[in-house]
Amino acid sequence: MVEDGRRVLSNLIHSQVELHKDFGGVVPELAARDHLERLPDLVDLALERAGLKPSDLNLVAVTRGPGLAGCLLVGVGVGEGLSTAWRRPIIGVNHLWGHIYAAMLARPDLEPPLLGLVVSGAHSDLVRMPEHGRFQVIGRTRDDAAGEAFDKAARMLGLGYPGGPALDRLARTGDARRQPLPKPSLPGLEYSFSGLKTALLYRLRDLGEAATAQDRADLAASFERSVVESLLEKLDLALEETPTAEVVVCGGVAANTLLRKRAAEVVGKRARLTMPPLDLCTDNAAMIAAAGYFSSPLAGEVEPAPIEVNPSLGWDS
Ligand code: KG4
Ligand code: ZN
């Protein structure tokens, strides 16, 4: 529940970590079913926590993509049901826009134009946002996304699911200099993380049984450093090419400890950096509500229309 697109009144998460843990990753079918089972109670609780009744609401916002088809369909189905029952308009929201709008919740005075680095399980995108509702992609990954790379590296290092946060924790006890790994470097604003992943695989293979717990921590730190420095090298380049007063680094990977520290150093005094707090970096409902607010012509004036789910939606509306 979000007010005026800027203020979080309640933001609840039902974590599915326990559900997927034993499988080492998200099982789409289980995820979708669990969404269906949990969403109705979660919506009630969110209203209660915010002290609101359905009649207080102006707009229902729901993710229409990108994401897992089954989960998106459940979300849109529930959203359309609520919109009809509550007689409130509904708007379909781009998940990627949501990550950027999380920064507006963190800093209510933040306005475009801005330069964004969106790093999640499926995206490593550099975007320019000249105004509300307009995004231009200036850089992306050729292969794996940063979050995907962290998750795969975590698996190689024998860490459980979810991998990114586990690797972050392990890296804090390691020293990257003891196990140097290459920093990916492509021309322009493109990313690539698959070579780095292979480098880690070979290093682990070479160490074999002799790999100690400290080796693994050092490798986690080294892998993390390579990903983070690569992400920031291109952010730096984009900022040099077109100076911008506002920079946003967001998405699940923006919860990473080293990325948060280094982003502040790299951006320095050239721009104002906004990184949402951890609970607004990883997927959440408040960011979708905020994006919905700013995507609608005026809350209350949106026509209820069937929402088209698109699992591979890009940055266009
Ligand atoms: O945005 P998000 O919550 O979901 C997607 O839209 O994909 O991002 C999830 C990704 C996962 O790959 C997860 O491992 C990664 O963000 N992640 C992290 C950390 N917390 C979450 N990666 C590195 N360090 C973290 N602390
Ligand atoms: Zn996300």
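Residues numbered from 1 in each chain as written. Chains lettered and ligands numbered in written order. Predicted model: local features only at pLDDT ≥ 70, side-chain atom pairs only at ≥ 80, totals over all residues. Heavy atoms only, no water.

J.: Residue-level account of the overall build of the protein chain, with values.
T.: The helix and strand tally for the protein chain stands at eleven helices and nine strands. Computed over the C-alpha atoms, the radius of gyration of the protein chain is 20 Å, within 12% of the 20 Å expected from 2.2 N^0.38 for a compact globule of 317 residues. With the C-alpha coordinates aligned to their principal axes, the bounding extent of the protein chain is approximately 65 × 45 × 30 Å. For the protein chain, the residues scored as buried account for 47% of the 317 residues in total. Considering only contacts within the protein chain whose residues lie at least 6 apart along the sequence, 75% involve residues at least 24 apart. Total accessible area computed for the protein chain in this model is approximately 14,900 Å², and 53% of it derives from carbon and sulfur atoms. Across the protein chain, the 34 positively charged side chains and the 41 negatively charged ones have centroids separated by 5 Å. (Helix = DSSP H or I, 4+ residues; strand = E, 2+ residues; numbered from the N terminus. Rg over C-alpha atoms; globule rule 2.2 N^0.38 Å. Buried < 20%, exposed > 50% of the residue type's maximum accessible area, 1.4 Å probe, protein only. Contact = heavy atoms within 4.5 Å. Areas by Shrake-Rupley, 256 points an atom, 1.4 Å probe, with all protein chains shown as cover. Lys, Arg positive; Asp, Glu negative; His and termini not counted. Charge placed at Lys NZ, Arg CZ, Asp CG, Glu CD.)

J.: Lay out the side chain of Asn284 in plain terms, naming residues and giving numbers.
T.: With respect to the helices, strands and loops of the structure, Asn284 is situated in the loop between α10 (278–281) and α11 (285–295). Take Asn284: its relative accessible area is 7%, and that puts it in the buried class. One polar contact links the side chain of Asn284 to the main-chain carbonyl oxygen of Thr282, over a distance of 2.9 Å. Reaching out from Asn284, the side chain makes a polar contact with the backbone nitrogen of Ala286 at a distance of 3.1 Å. Discounting residues that sit within four places of it in the chain, Asn284 has contacts with Asn11, Ile13 and Asp279. (Polar contact = N/O pair within 3.5 Å; in protein donor to acceptor, adjacent residues only side chain to side chain.)

J.: Before we move on, could you go through the environment of Gly158 and cite the residues and values that matter?
T.: Relative to the assigned elements, Gly158 resides in the loop between α5 (146–156) and α6 (163–171). Judged by its relative accessible area of 63%, Gly158 falls in the exposed class. Distance from Gly158 to Arg216, taken between C-alpha atoms, is 9.0 Å for residues 58 residues apart in sequence.

J.: Got a sec to walk through the environment of Phe294? Specific residues and values, please.
T.: Within the secondary structure, Phe294 is located in helix α11. When its relative accessible area of 18% is taken as the criterion, Phe294 is described as buried. Sequence-wise, Phe294 and Ala69 are 225 residues apart; in three dimensions their C-alpha atoms are separated by 24 Å.

J.: With reference to specific residues and values, describe the sheet that holds strand β7 (residues 134–139).
T.: Think of a sheet as strands paired side by side through backbone hydrogen bonds, with each pair either parallel or antiparallel. Spatially, β7-β6-β5-β8-β9 is the arrangement adopted by the five strands of the open sheet, whose pairing is mixed. In the strand order of this sheet, the two ends are held by β7 and β9 (272–274), each with one partner. Pairs of neighbouring strands in the sheet enclose a mean axial angle of 25 degrees, with direction left out of account. With respect to the sheet, helix α9 (residues 257–267) is in contact with β5 (114–119), β8 (246–250) and β9, its orientation differing from that of β9 by roughly 165 degrees. (Pairing = 2+ DSSP bridges. Axes fitted to C-alpha atoms, helices over the stretch in contact; angles between N-to-C directions.)

J.: Outline the packing of α5 against helix α7 (residues 194–207), listing residues and values.
T.: Packed helices, taken two at a time, are described by the angle between their axes plus the distance between the axes. It is the contact of α5 with α7, at a shortest axis distance of 10 Å, that shows an interaxial angle of 5 degrees. What the angle tells us is that α5 and α7 run roughly parallel. Across from Lys152, Ala153 and Met156 in α5, the residues of α7 making contact are Lys197, Leu200, Leu201 and Leu204. Residues belonging to the contact of α5 with α7 are distributed by class as follows: five nonpolar, no polar and two charged. (Parallel < 35°, antiparallel > 145°, perpendicular 65-115°, else oblique. Nonpolar A, V, L, I, M, F, W, Y, C, P; charged D, E, K, R; others polar.)

J.: Could you give an account of the pairing of β8, with specific residues and numbers?
T.: For β8, a buried count of five out of five residues is recorded, marking the element as mostly surrounded by other parts of the structure. The alternating pattern of β8 places Glu246, Val248 and Cys250 and Val247 and Val249 on opposite faces, both of which are buried. In this structure, β5 lies alongside β8, joined through four bridges in parallel fashion. Residue pairing across strands places Gly116 opposite Val248, the latter belonging to β8. Sheet analysis places β8 next to β9, joined by three bridges and oriented parallel. Bridging from a neighbouring strand, Val248 pairs with Thr274 of β9. A crossover connection joins β8 to the parallel β9 through α9; in handedness this β-α-β unit is right-handed. (Right-handed = clockwise from strand over helix to strand, strands pointing away.)

J.: With reference to specific residues and values, describe the confidence of the model for the protein chain.
T.: On average, the protein chain scores 96 in pLDDT, and the residues at 70 or more come to 97%. Mean pLDDT per element in the protein chain: helix α1 (residues 17–21) is the minimum at 94, and β8 is the maximum at 99. (pLDDT = per-residue confidence, 0-100.)

J.: Could you give an account of the coordination of the zinc ion (ligand 2), with specific residues and numbers?
T.: Around the zinc ion (ligand 2), the protein contributes the donor atoms His95 (NE2), His99 (NE2) and Asp283 (OD), at 2.0 to 2.1 Å from the metal centre. Linear spacing of the donor residues for the zinc ion (ligand 2) on their chain is H-x3-H-x183-D. Placement of the pair is His99 in helix α4 (residues 95–106) and Asp283 in the loop between α10 and α11, with a sequence separation of 184 residues. A residue is classified by how much of its surface remains accessible, and Asp283, at 49% relative accessible area, is partly exposed. (Donors = N, O, S within 2.8 Å, 3.2 Å for Na, K, Ca; no water.)

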